[in-house]
Amino acid sequence: MARNEEKAQSMLNRFIAMKAEEKKKPKERRPFLASECRDLSEADRWRQQIMREIGRKVAEIQNEGLGEHRLRDLNDEINKLIREKSHWERRIVELGGPNLAKHSAKMTDLDGNIVDVPNPGGRGPGYRYFGAAKKLPGVRELFEKPPELRRRRTRYDIYKRIDASYYGYRDDEDGVLERLEAPAEEAMRRAAAEEWRRLDEVRREARRGVRSGEVAEVTAAAREVLREEEEEVVEEEREREREREEERERREFVVHVPLPDDREIERRVLEKKKMDLLSKYVSEGLLEEQTEAKDMLNIHR
């Protein structure tokens, strides 16, 4: 009895479900072109449907065990849905709705950084990779930044940064060097003045001792100063003597090669011109005969 009641209940359930299906409207298909939609709410509903499909496929593409071909197919389908979503977003704007493309998600690389992939066609977003598709062969290299090559500086780049300050011409303008060098310069001036006064006092004592004949009382420093002065005087005398010798040698220069005088130079120039004319208008045989005749007559002109 219980089984019959269960069967009846089952049949009743099927009947009720069938009536409910009859009351339902036929399932609508999304328009192929977004321009065919004339209602703003319908356009937003179709966009929401595309968003749900994209969400399901993005969740599915996270599985790395699907294989390379399935991952590539899923990635292509997601990109196709994204393009279709952009069409519906533009249609919503045309129908007076909000611009939903401004708040769309950006594509990121493996590290989570936003990657801008422009569309070669110039309209809409470019091709994107999702989930495990980012790790496919040939795709990972797209997200890796190429290493920055350090360009070697040319000579122009080096000299472009060189100005007057590089050579130290502007070191005195800021006043820092002057403040640092002022104490050292003052100390050097003071030391030089003290040394000059000491040497001058020693010279005076030495001259005073020599003039008065008190040679024994002359100090060792005075003797050293006198010796240095004598050496300087001797060196100056030697230098002047050397200059006089050089001047004397220049004046007494003797030429060891006999030099021709003006008459000899004129004679040789005239002889050269005569020989040039003879070689130009006289044959070689006649020149040889003339030379032999001069040799026989002992004529050397």
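- Per an unreviewed UniProt entry, the chain is named Pre-mRNA-splicing factor ISY1-like protein, and its organism is Flemingia macrophylla.
- Under Subcellular location (unreviewed entry), UniProt gives the following word-for-word description of the chain: "Nucleus".
- Recorded under Sequence similarities (unreviewed entry), the UniProt text for the chain is reproduced unchanged: "Belongs to the ISY1 family."

## Focus: a negative patch on the surface
And then number 1: A contiguous patch of negative charge on the surface is contributed by Asp171, Asp172, Glu173, Asp174, Glu178 and Glu181.
And then number 2: Residue position: glutamate 178 is located in helix α6 (residues 176-212).
And then number 3: When its relative accessible area of 57% is taken as the criterion, glutamate 178 is described as exposed.

## Regarding the pattern of salt bridges
And then number 1: Throughout the structure, instances matching the rule amount to 20 salt bridges.
And then number 2: In this structure, glutamate 89 and arginine 47 form a salt bridge, with 3.3 Å as the shortest nitrogen-oxygen distance. In this pair, glutamate 89 sits in helix α3 (residues 68-94) while arginine 47 sits in helix α2 (residues 40-61), placing the two residues 42 residues apart along the sequence.
And then number 3: By relative accessible area, which is 9% here, arginine 47 ends up buried.
And then number 4: One continuous salt-bridge network, built from bridges that share partners, spans Arg30, Glu53 and Glu84.

## Quick notes on a nonpolar patch on the surface
And then number 1: Taken together, the side chains of Leu12, Phe15, Ile16 and Met18 define a hydrophobic patch exposed on the protein surface, amounting to about 370 Å² of accessible area.
And then number 2: Looking at where methionine 18 falls in the secondary structure, it is placed in helix α1 (residues 2-23).

## Regarding α2
And then number 1: Between the first and last C-alpha of α2 there are 32 Å, a value that for 22 residues agrees with the 32 Å anticipated at 1.5 Å per step.
And then number 2: Within α2 the residues assigned to the buried category are Ala43, Trp46, Arg47, Ile50, Glu53, Ile54 and Ile61. One side of α2 holds all its buried residues, which, seen down the axis, span an arc of 120°. Structural note: α2 exposes Arg52, Arg56 and Ala59 on the side pointing more than 90 degrees away from its buried face.
And then number 3: Of the surrounding secondary structure, the elements contacted by the buried residues of α2 are α3.

## Remarks on the nonpolar core
And then number 1: Ile54, Ile61, Ile78 and Trp88 are the most contacted members of the largest nonpolar core, which has 20 residues in total.
And then number 2: Every element with two or more residues in this core is listed here: α2 and α3.
And then number 3: A per-element tally of this core places α3 first, with 7 residues.
And then number 4: Not counting the four nearest positions on each side in its chain, isoleucine 54 is found in contact with Ile78, Leu81, Ile82 and Lys85.

Quick notes on the rules
Residues numbered from 1 in each chain as written. Predicted model: local features only at pLDDT ≥ 70, side-chain atom pairs only at ≥ 80, totals over all residues. Heavy atoms only, no water. UniProt positions renumbered as here; feature names shortened; annotations may be inferred. Patch = residues over 30% accessible without salt bridge, like charges linked within 9 Å, V, L, I, M, F, W, Y side chains within 5 Å. Areas by Shrake-Rupley, 256 points an atom, 1.4 Å probe, with all protein chains shown as cover. Salt bridge = Lys/Arg side-chain N within 4 Å of Asp/Glu carboxyl O. Lys, Arg positive; Asp, Glu negative; His and termini not counted. Charge placed at Lys NZ, Arg CZ, Asp CG, Glu CD. Helix = DSSP H or I, 4+ residues; strand = E, 2+ residues; numbered from the N terminus. Buried < 20%, exposed > 50% of the residue type's maximum accessible area, 1.4 Å probe, protein only. Expected span 1.5 Å × (residues − 1). Arc of directions from axis to C-beta. Contact = heavy atoms within 4.5 Å. Core = buried A, V, L, I, M, F, W, Y, C linked by side-chain atoms within 4.5 Å.

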